Amino acid sequence: MSDLDQLTQSLAGNVRRCRKERNLSLDTLAARAGVSRSMLVQIEQARANPSIGTVVKIGDALGVSITTLLDYAQGPAVRVVSAEQAVRLWHTDAGSYNRLLAGAEAPGPLEMWDWQLMPGDSSSSDPHPAGTFELIHVTGGELTLTVGGTEFHVPAGSSASFEASAAHTYSNAGDTPTTMMMTISVPPSR
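Everything numeric here is computed off the predicted structure, so don't read it as measured data.

Draft legend 1. How the structure looks around the overall build of the protein chain. Scanning the protein chain from N- to C-terminus turns up 5 helices and 10 strands. Taking all 190 residues of the protein chain together, the buried fraction comes to 42%. Contacts in the protein chain between residues at least 24 apart in sequence constitute 63% of all its contacts with a sequence separation of at least 6. Of the roughly 9,700 Å² that the protein chain leaves accessible, carbon and sulfur atoms contribute 52%.

Put into C-alpha cells, the structure is as follows:
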C-alpha cells in the first residue's frame, strides 16, 4: 500500500470513528466543518484525497488534531515519530513545505510543525476556532507573519505567538529560505 493510500485509509477510518464517538451525523459534521456532505462521504469511504484546508476544517469541527485524523495506529502513551514518518502536507515547486512532526490531544489538539518557505513563497490560513494559539520560532531567514491584516517581521532566532482566530499568512519576502518550528494548540470541542 502506498503512503497516500495509507493516509487516505487512515483519514477515512479516523473521521468516521471520531464522528461516531461524538454522535454527529454527516450533515451536522458537514455544517460544522463548512464542507459538503458528499465530500465527507467520499472521505469516509477513502475515495477522496482532500486538501489540507479541508482536513484542518474537519479536525477543528471534531476538536481533534490533524495527527489524530491521519494516525494509522493508536500507540502507547509515548510515541516516537521518525523523520521518515513526519507527514508533509503542503509544498510548492520552489521547495517550500511544512511537515507535521508530532501531535497530541492535551486536552485539545496540540501539534508541532517544521516549515520551510522559499524566497517569494507564502502560505495563508483561514481563521482557526477561538482560543487557538500558535507559537513560532524562526530558525533561519526572516518570516513575515501577517495576522488580521497587520504584518510582523520575525528574524532568525526570534519567536512569535498569537491567537489564530483571525486569518493569517506566513511569507518569505527575503532572498534566503525561511525555516521555522510551529506549535498549534486548539481548544477542545465543546
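Read on, since the account is not over.
Draft legend 2. View of the packing of helix α2 (residues 26-33) against helix α4 (residues 52-62). Where α2 contacts α4, the axes come no closer than 8 Å and their chain directions differ by 110 degrees. What the angle tells us is that α2 and α4 run roughly perpendicular. Judged by the sense of rotation from one axis to the other, the crossing of α2 with α4 is right-handed. Touching L29, R32 and A33 of α2 are K57, I58, A61 and L62, all from α4. The residue makeup of the contact of α2 with α4, split by class, is 5 nonpolar, no polar and 2 charged.

Draft legend 3. Representation of α2 in the model. Turning to α2, its buried residues are L26, L29, A30 and A33. Buried residues of α2, seen end-on, are gathered within an arc of 100 degrees and therefore sit on one face of the element. Residues of α2 that are exposed and point over 90 degrees away from its buried face: A31 and R32. Elements in contact with the buried residues of α2: α1 (3-21), α3 (37-44) and α4. One or two positions beyond α2, positive phi appears at G34, with a value near 75 degrees.

Draft legend 4. Quick peek at the sheet that holds strand β6 (residues 142-147). Pairing is antiparallel across the open sheet formed by 4 strands, whose spatial order is β4-β9-β6-β7. Where the open sheet ends on each side, the last strands, each with one partner, are β4 (122-125) and β7 (150-155). Within this sheet the neighbouring strands show an average axis-to-axis angle of 15 degrees, counted without direction. Two strands pair when backbone bridges link them, and β6 and β7 are joined in this way by 6 bridges, in the antiparallel orientation. Note that in β7 the partner of T144 across the bridge is H153.

Reading the values: the criteria
Along each chain, the written sequence defines residue order, and numbers are assigned to residues from 1. In keeping with the model being predicted, local features are shown solely for residues with a pLDDT of at least 70 and side-chain atom pairs are shown and tallied solely at 80 or more, while totals for entire chains, interfaces and linings include all residues. The basis for every side-chain value is the complete set of heavy atoms in the structure, and neither hydrogens nor water enter the calculation. Each helix is a run of DSSP H or I of at least 4 residues and each strand a run of E of at least 2, with the numbering of both proceeding from the N terminus. To sort residues, take the accessible area from a 1.4 Å probe on protein chains only and compare it with the maximum for the residue type: under 20% means buried, over 50% means exposed, and anything in between is partly exposed. By definition, residues are in contact when any of their heavy atoms lie within 4.5 Å. Methods summary: accessible areas were calculated by the Shrake-Rupley approach with a probe of 1.4 Å, and residue burial reflects only the protein chains presented. Orientation is described by lines fitted to C-alpha atoms, with helices fitted over the stretch in contact, and by angles between N-to-C directions that extend from 0 to 180 degrees. An angle below 35 degrees is treated as roughly parallel, one above 145 as roughly antiparallel, one from 65 to 115 as roughly perpendicular, and anything else as oblique. By definition, turning the near helix anticlockwise from the far helix through less than a right angle yields a left-handed crossing, and turning it clockwise yields a right-handed one. Throughout, the ten residues Ala, Val, Leu, Ile, Met, Phe, Trp, Tyr, Cys and Pro are labelled nonpolar, Asp, Glu, Lys and Arg are labelled charged, and all others, Gly among them, are labelled polar. By construction, the arc corresponds to the directions joining the helix axis to the C-beta atoms. When DSSP finds at least two bridges between two strands, those strands are taken to pair.

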